[in-house]
Amino acid sequence: MVDFTAQHYDAFAMPMSGVAVDYPSGHLVEPHSHSCVQFIYAIEGVLVIESPTGRWVTPPTRGVWLQAGVEHSLRMRGAARVRSLFVHSDITDDMPQGNCVIDVSPLLRELILAATEIAASYTSNSRDGRVMRLLLDELCALPTLPFYLPWPADARIKQVCERITAQPQLNCTAEHWAQQLAMSPKTFHRQFQRSTGITFGRWRQQARLLLSLELLAQGLPIIEVALQHGYDSQSAFSAAFKRQFGVPPSLFY
């Protein structure tokens, strides 16, 4: 199986190239980086993309834009048909300048599929070259989305985040975690926000909602997903989910 760690992806001569790779459920692509920008998108399956500073969870309607040099790993939840773009940094001035999730419109999806079928030696004034230019235009026009979970560098705060992501149903308060780390609640809140950029409560909710995407992708009932992620009812989970993602979980996929 060809993997995204293969170095030849960084050696494409053209400004942008598309690559198609299919993976089985649970497959892990070990941490690696590229010298070019990468847009990672799966037409089937859910991708969990992790870097030293955060995590992205994306269903088949979203893709992740990663800057050149960002170390990352990929984990597949469900069989994943991954279609990626590799873009030279010198043509991305109008593109997002940070790592982010981009909404994949029906047009963008079809353009990505077309790009993966274009030979790497296309010319800029050919039909294939025009498809690639339209693809870049479409990437520039689409909104970025809140599918990112910042990851702390502080070793003590990281322990808390690891426990929450391993057991999202836990309802332990900030005071509980502060006691576990032998610090005052005020110090814990200050350290947590300094290390992640957001408050403890906001981080925990965002972690739960992003983790819930993985189980929703597997077809689990919404009530079961809600209870496994710390919500007392389906309605409470659905309300939080809609505030975060703009649609209820029943309409997400």
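The structure reproduced in this document is the subject of the present report. The model shown is predicted, which means the values in this text are computed figures rather than measured ones.

Parameters at a glance
- Residues numbered from 1 in each chain as written.
- Predicted model: local features only at pLDDT ≥ 70, side-chain atom pairs only at ≥ 80, totals over all residues.
- Heavy atoms only, no water.
- Helix = DSSP H or I, 4+ residues; strand = E, 2+ residues; numbered from the N terminus.
- Buried < 20%, exposed > 50% of the residue type's maximum accessible area, 1.4 Å probe, protein only.
- Contact = heavy atoms within 4.5 Å.
- Areas by Shrake-Rupley, 256 points an atom, 1.4 Å probe, with all protein chains shown as cover.
- Lys, Arg positive; Asp, Glu negative; His and termini not counted.
- Charge placed at Lys NZ, Arg CZ, Asp CG, Glu CD.
- Pairing = 2+ DSSP bridges.
- Axes fitted to C-alpha atoms, helices over the stretch in contact; angles between N-to-C directions.
- Parallel < 35°, antiparallel > 145°, perpendicular 65-115°, else oblique.
- Nonpolar A, V, L, I, M, F, W, Y, C, P; charged D, E, K, R; others polar.
- Core = buried A, V, L, I, M, F, W, Y, C linked by side-chain atoms within 4.5 Å.
- Phe/Tyr/Trp six-rings, centres within 6.5 Å; stacked < 30°, edge-to-face > 60°.
- Polar contact = N/O pair within 3.5 Å; in protein donor to acceptor, adjacent residues only side chain to side chain.
- Patch = residues over 30% accessible without salt bridge, like charges linked within 9 Å, V, L, I, M, F, W, Y side chains within 5 Å.
- Salt bridge = Lys/Arg side-chain N within 4 Å of Asp/Glu carboxyl O.
- Expected span 1.5 Å × (residues − 1).
- Arc of directions from axis to C-beta.

## A word on the overall build of the chain
Looking only at helices and strands, the chain features 8 helices and 9 strands. For the chain, the spread of C-alpha atoms along the principal axes amounts to about 65 × 35 × 35 Å. Classification of the 253 residues of the chain by burial places 49% in the buried group. Considering only contacts within the chain whose residues lie at least 6 apart along the sequence, 72% involve residues at least 24 apart. A total accessible area of about 11,500 Å² is found for the chain, and carbon and sulfur atoms account for 52% of it. On the chain, the mean spot of the 21 positive side-chain charges and the mean spot of the 22 negative ones are 9 Å from each other.

## Considerations on the pairing of strand β1 (residues 16-23)
Burial within β1 is extensive, with 6 of its 8 residues counted as buried. Bridge count for β1 against strand β6 (residues 72-87) is 8 bridges, and the pairing is antiparallel. When the bridges of β6 are listed, Gly 18 appears paired with Leu 85.

## Side note on the packing of helix α3 (residues 155-166) against helix α5 (residues 185-196)
Closest axis-to-axis distance for the α3/α5 pair is 10 Å, and the angle between their directions is 85 degrees. When the axis of α3 is compared with that of α5, the two are roughly perpendicular. Contact residues: Arg 156, Ile 157, Val 160 and Cys 161 in α3; Phe 188, Gln 191, Phe 192 and Ser 195 in α5. By residue class, the composition of the contact of α3 with α5 is 5 nonpolar, 2 polar and 1 charged.

## Comments concerning unusual backbone geometry
For residues other than glycine, phi is negative in most cases, and the peptide bonds are mostly trans. The phi torsion at Ala 182 lies on the positive side, around 55 degrees, for a residue other than glycine. With a relative accessible area of 74%, Ala 182 lands in the exposed category.

## Let's talk about the nonpolar core
Counting 52 residues, the largest nonpolar core has Phe 188 and Phe 237 as the members making the most contacts within it. In contact with Phe 237, not counting residues within four places along its chain, are Leu 209, Ser 212, Leu 216, Ile 222, Val 225, Ala 226, Tyr 231 and Pro 249. Listed in part, the 27 residues of the second largest apolar core include Val 37, Trp 65, Leu 111 and Leu 139.

## Some remarks on the packing of aromatic side chains
This model, assessed by the stated rule, comprises 9 aromatic pairs. Seen from their ring centres, Trp 56 and Tyr 148 are 4.9 Å apart, and the 40 degrees between their planes marks the pair as tilted. Residue Trp 56 is located in strand β4 (residues 54-58), and its partner Tyr 148 is located in strand β9 (residues 148-150); the two are separated by 92 residues in the primary sequence. Between Trp 151 and Trp 203, the aromatic rings sit 5.9 Å apart at their centres with planes inclined by 50 degrees, giving tilted as the arrangement. Taken together, the positions of Trp 151 in the loop between β9 and α3 and Trp 203 in helix α6 (residues 200-217) put the pair 52 residues apart, joining distant regions of the chain. The pair Trp 151 / Trp 203 is uniform in exposure class, with both members buried.

## Re the side chain of Ser 126
Within the secondary structure layout, Ser 126 lies in the loop between α1 (106-115) and α2 (127-141). For Ser 126, a relative accessible area of 19% gives the class buried. Engagement of the side chain of Ser 126 in a polar contact is seen with the backbone oxygen of Thr 123, the distance being 2.6 Å.

## Section: the side chain of His 34
Within the secondary structure layout, His 34 lies in the loop between β2 (28-32) and β3 (37-51). At 3.5 Å, the side chain of His 34 forms a polar contact with the side chain of Gln 38.

## Here we look at a negative patch on the surface
On the surface, Asp 90, Asp 93, Asp 94 and Asp 137 cluster together into a patch of negative charge. Within the secondary structure, Asp 90 sits in the loop between β6 and β7 (100-103).

## Some remarks on α3
With 12 residues, α3 should cover 16 Å at 1.5 Å per step; its first-to-last C-alpha distance of 16 Å lies within 8% of that length. Those residues of α3 that fall on the buried side of the exposure criterion are Ile 157, Val 160, Cys 161, Ile 164 and Thr 165. Taken down its axis, α3 places every buried residue within 130 degrees of arc, on the same side. Away from its buried face by more than 90 degrees, α3 exposes Ala 155 and Ala 166. Against β4, β9, α4 (174-180), α5 and α6 lie the buried residues of α3. The opening residue of α3, the one whose side-chain oxygen lies 2.9 Å from the backbone nitrogen of Arg 156, is Asp 154.

Purely geometric stuff here, so don't read any function into it on its own.
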